[in-house]
Amino acid sequence: MCIRDRNADDNLIGISKIPLRIAFESLILDEESLMLNARMVRNNLYPIMVHDELASVRDLHSDTEAGVLQIIAAVGTAAQLSRLETRLNESRDVPTNEKRAEKTRETPSQRGSYYERSEQSDNFATESAQEDNRHIEKVRKGAEHQRGKAAQDEVVSETYPNEEEKETSLNFAEVFISILELVRSKEGQINREYQYIFEDTHKIDRIFTRKGFSKFLSDLNLGIPSDFSGKLAALLDANDSDEINLEDFLSSFRAYCHYYSYSRTRISDIMSSLYKQIIAAKVSLTEFETQLFAMSEYGYVKPANLRVFLESIGIKIPLTLFEEVTACLESGGNNYIFVAHLIEYLQAIDIHSEVRAVKPNLTFLTKLILESFQSIVSTIGMTKPKEVERLMSEISRKAGMLTISDLLALFEREGIKLSYLELYLVFEQIENS
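Residues numbered from 1 in each chain as written. Predicted model: local features only at pLDDT ≥ 70, side-chain atom pairs only at ≥ 80, totals over all residues. Heavy atoms only, no water.

So, the packing of aromatic side chains
(1) Moving on: Per the counting criterion, the structure on display carries 15 aromatic pairs.
(2) Moving on: Ring centres of F213 and F249 lie 5.6 Å apart, and the angle between their planes is 75°; this geometry places the pair in the edge-to-face category. Separated by 36 residues along the polypeptide, F213 in helix α12 (residues 210–219) and F249 in helix α14 (residues 246–280) bring together distant segments of the chain.
(3) Moving on: On the basis of relative accessibility, which here comes to 0%, the residue F213 falls in the buried class.
(4) Moving on: F249 sits in the buried class, given a relative accessible area of 0%.
(5) Moving on: Plain terms: the ring middles of Y256 and Y260 are 6.4 Å apart, the flat faces sit at 40° to each other, and that makes the pair tilted. Separated by 4 residues within a single helix, Y256 and Y260 lie in helix α14, roughly one turn from each other.
(6) Moving on: Y260 sits in the buried class, given a relative accessible area of 7%.
(7) Moving on: Taken together through their ring pairs, the aromatic side chains of Y194, F198, F208, F213, F216, F249 and F253 make up a single cluster.
(8) Moving on: For the cation-ring pair, R307 lies above F322, with the distance from its terminal atom to the ring centre recorded as 5.1 Å. (Phe/Tyr/Trp six-rings, centres within 6.5 Å; stacked < 30°, edge-to-face > 60°. Helix = DSSP H or I, 4+ residues; strand = E, 2+ residues; numbered from the N terminus. Buried < 20%, exposed > 50% of the residue type's maximum accessible area, 1.4 Å probe, protein only. Lys NZ or Arg CZ within 6 Å of the ring centre and 35° of its normal.)

A few points about the side chain of N361
(1) Moving on: Here N361 is to be found in the loop between α18 (339–352) and α19 (362–383).
(2) Moving on: Residue class for N361 comes out buried when judged on its relative accessible area of 12%.

Describing unusual backbone geometry
(1) Moving on: In this model, N221 sits at a positive phi of 60°, which is unusual for a non-glycine residue.
(2) Moving on: Tracing the backbone through its elements, the reader meets N221 in the loop between α12 and α13 (226–236).

These figures capture arrangement, not role.
This is the structure we're talking about:
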């Protein structure tokens, strides 16, 4: 990626690397003879999706993070690639790079315009904005009730100070997790002026306006997109008062780091069990990978089809193990698994006997947080049954009127310390169930 400077010269910002071997292994039947998998090339309407997520850009001179790119990479014939390109263009309401980046983040269940024509894709921007509006309205019900806000268009105008923010395709929880993961994975590259904030475990009560908080995220120098910052600021401003307590973000970051470590251990155990089943069935990992990609839908597979595939090659895993496998791989409840992630985990087990890095997964993270929340409430309920009963009764009685900040205060009153992230995901799950 290049950028033109004032002297009209092209300067290289950096390079971004993505793994391509999965395409080679799915298209080539025999590595020695380089025999092509003709069925994959002849029968597929669309190319194989190799990469469909954010990728970091490294500065070659300083070997530091120069930013991030949303990359969609696919391998196929000219006709397949042209077909995909056409569908990508059709799915855009506005022909901008930002719109293309947001659309390529979706999975097959969301991108009906890629794999099956759907008129819904023509209304993508409108539906995305409406969903964001509904979400913010729900998060702020408490503040709305207390102050008697009547005009919804006023909420909308405050929520979207600019069009760039409106075009973000990820929901609030996904944006929250994306930013926390970016900070966690690049903590050593944070602007020195702010590093102490993340290293200190003491509570830091520092109030920002929304613009001030967005600037704080920008000043970290981690390449956090401005629309992500604006969306997170809207979420953390639970009382709609243009006030954000930095501690809400920092406590969420510490909680996220804890669950990231825990999820890595859990996923290592799950993938180790699956790996043993594959080896017991006398199926090589290369053979497993090739066949799975061959039956996938352009690099994605539904859980039900994954189970059928496993049984077809002689791998009959217990239902509980299969549910754990899909739980740690399904993304955002879209009922699809990105095959490349499964293969990466299995390769890590094969080489290192453990998974050393996990992909941010909102579904699995929420599952772990819910388990922890239930355990904490149950434990405290055994020693303080009346207090916990009173707390739950109060929450139930004021349902729809409490913001996340209100809930934090109520739980802290009973000695239950939870982060903004934990309570947000717990009550989102409860409301959506």
